Structure formats: structure tokens, C-alpha cells
Amino acid sequence: MRTPLVAGNWKMNKTVREALELVGGLNTQLAGIEGVDVVICPPFTALADVGRALAGSALELGAQDLHWESRGAYTGEISAPMLWDLGCTYVIVGHSERRRGPGESDEDVQRKVAASLANELIPILCVGESLEEREAGRTERIVQTQARVGTLNVEPDQAASLVVAYEPVWAIGTGQPATGAEANRIAGLLRQWLHEWFGDRAGQIRILYGGSVTPETFGEFAGQPEIDGALVGGASLDAAAFAAIVQAFAGRVG
Ligand code: 13P
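Residues numbered from 1 in each chain as written. Predicted model: local features only at pLDDT ≥ 70, side-chain atom pairs only at ≥ 80, totals over all residues. Heavy atoms only, no water.

## As for empty space enclosed by the protein
Then, in step 1: Under the definition given, this model contains 1 cavity of 30 Å³ or more.
Then, in step 2: Its volume calculated, the largest cavity comes out at about 40 Å³.
Then, in step 3: Taken together, Gly94, Ser96, Arg99, Arg100, Cys126, Val127, Gly128, Gln146, Glu167 and Val169 form the lining of the largest cavity.
Then, in step 4: Looking at the lining of the largest cavity, the elements with two or more residues in it are helix 4 (96–100) and strand 5 (122–127).
Then, in step 5: Considering each element in turn, the lining of the largest cavity owes the most residues, 3 residues, to helix 4.
Then, in step 6: In terms of residue class, the lining of the largest cavity is made up of 3 nonpolar, 4 polar and 3 charged. (1 Å grid on protein atoms, 1.4 Å probe; cavity = no way out; pocket = protein on both sides within 12 Å on 5 of 7 lines; lining within 4 Å. Points joined across faces, edges and corners; volume = space filled by probe spheres on them. Helix = DSSP H or I, 4+ residues; strand = E, 2+ residues; numbered from the N terminus. Nonpolar A, V, L, I, M, F, W, Y, C, P; charged D, E, K, R; others polar.)

## Observations concerning the side chain of Asn9
Then, in step 1: Relative to the helices and strands, Asn9 is located in strand 1 (residues 5–9).
Then, in step 2: One polar contact links the side chain of Asn9 to the main-chain amide nitrogen of Lys11, over a distance of 3.0 Å.
Then, in step 3: Among residues more than four places away in sequence, those in contact with Asn9 are Cys41, Gln64, Ile92, His95, Leu231, Val232, Gly233 and Ser236. (Polar contact = N/O pair within 3.5 Å; in protein donor to acceptor, adjacent residues only side chain to side chain. Contact = heavy atoms within 4.5 Å.)

## Here we look at the site of the ligand
Then, in step 1: Surveying the vicinity of the ligand reveals the residues Asn9, Lys11, His95, Glu167, Ala171, Ile172, Gly173, Gly211, Ser212, Leu231, Gly233 and Gly234.
Then, in step 2: Within the side chain of Lys11, an N or O atom sits 2.8 Å from an oxygen atom of the ligand.
Then, in step 3: Its free accessible area being 310 Å², the ligand has 94% of it covered by the protein chains.
Then, in step 4: Residues of the shell around the ligand, tallied by class, amount to 3 nonpolar, 7 polar and 2 charged. (Near = heavy atom within 4 Å. Areas by Shrake-Rupley, 256 points an atom, 1.4 Å probe, with all protein chains shown as cover.)

## A few points about the layout of surface pockets
Then, in step 1: In this structure, the largest pocket occupies an estimated 370 Å³ of space.
Then, in step 2: In terms of lining residues, the largest pocket is bounded by 18 residues, among which Lys11, Phe44, Gln64, Asp65 and Arg98 are the most central.
Then, in step 3: Considering only residue class, the lining of the largest pocket consists of 7 nonpolar, 6 polar and 5 charged.
Then, in step 4: Size it by volume and the second largest pocket reaches roughly 190 Å³.
Then, in step 5: Contributing to the lining of the second largest pocket are 18 residues, with Gly173, Gly211, Ser212, Gly233 and Gly234 lying nearest its centre.
Then, in step 6: Taken together, the residues that form the lining of the second largest pocket break down as 5 nonpolar, 11 polar and 2 charged.

In C-alpha cells, the structure reads:
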């Protein structure tokens, strides 16, 4: 049985004051919510304050990235122990905006996944093809490679705590999500591959869909058997919209 998970990736949005306003709204709207894990991923600058504001609620704190080293001469970087210290329990790894902007490679992502797990952080490993790759018929190959290289250093007994988010690049921030059927198909393939690599433990790995999930579109995904939740960008910046998406997945234990 897998508990559904909905994570809000705030990306580069919200000052501390704005973040606290949003968390206030989320704490109210999601008070007493059960049957779903909820993770809030604010920017680094708001992690400490948001973490304090979430204390006592069921909502968990996540970061949007990390460095694989624990400490050292890495100007501008943030390590897993630093995130753990602030109360983070999750961290997004390998988001396409980091693969394409700062140019993170699959090997970088692999090191980040391993560093997360070694420091008691659950990595939300993002995979997904670009429009060009989809049109060239390379979707399955790209997703499989990103997932395989990203998890290559994961020990079998760590695998169950992994989270994988299928986020097709062409669906992110475009208002054009994948269809539920297509997202479910890719999630099913991911599960099959994870099973080949990690055996029965793959049955516990949660697979999320991300890309233009909103209160208008979540119905496509909340009903799909292979999809265990959502990674939400833009709609997570609005308490009512995010709460509606969380509620759609609550109680859907499958
Ligand atoms: P949007 O929900 O804004 O499309 O972003 C998805 C995403 O990138 C979450 O990580």
C-alpha cells in the first residue's frame, strides 16, 4: 500500500513574509487532512521560517535542491545536513529547470539522490522528456535513462523510500498537462523498470505526476492507478488551489 503524496514546488517565489502568509492559509485549509502526505518546498531563504510555521501540523518541509557534498568550498551551495538541520524531510532532485538551466547531468542527479538518502532526506527524483525528445520518439529511453542513472547508487534497502516524479518538460508551466492515460502509461513503465532494478521494494516507491496540475486538471491524474500523487508548481502558490489538489488525492491509498 502506498500513501499518496502531494508536493508543492514553490520554485523561485515568495519572500519570507509572503511564504508565511501562504503557509497560514495552508495550515487552515489542510488542518486534519488524512490519507495523504503533503510536502511544501519553499525556496531556501524561507525554509527556516516555514519549518517553524509548520511545526505541529502534518505538513512536511522539503527543499528544491541540494549539493552532494556535506560541507566544503562550494560557494552558494546547500548540503543535505544543512537541510536536515532545518527540519526538511524531503528534497526535490533533478528538476528539469535545474537540468536545463544550471546544466545538471544525470550523474550529478545520481550523487544528489545518494546524498539525500545518506542524510535521511527523501529524494523526489524528477524525470521527464522535452517536446523535441517526445516528437523524436525518445520519451521512454530518456525517462528510463534518467531514472536508472539517478538511482544507480541507491541501495536496495533504501529503495522503498524513493519518490519519482514524472514531469514531462513540455507540460511544465504551459497549462497543457499530459493526459491522465499517458501519464499513467509512463508511470507504469517506471514501476516496471524500478521493479527490475529493486525487486519487490519497487512496489512501495511512490510515483508522482507533475506538469500543469491545477484544480481544473487534477481529476485526470487522481484517478489513475499508477499515479500516487502530484508535484505541483504554479497551483501550489495558492492555498485554496493546492488544498483542492491535496484533497483529491487524500484517501486514495492504492
Ligand atoms: P507547474 O505545475 O507550474 O506546471 O510546474 C510543475 C513543476 O515543475 C513542479 O515541479
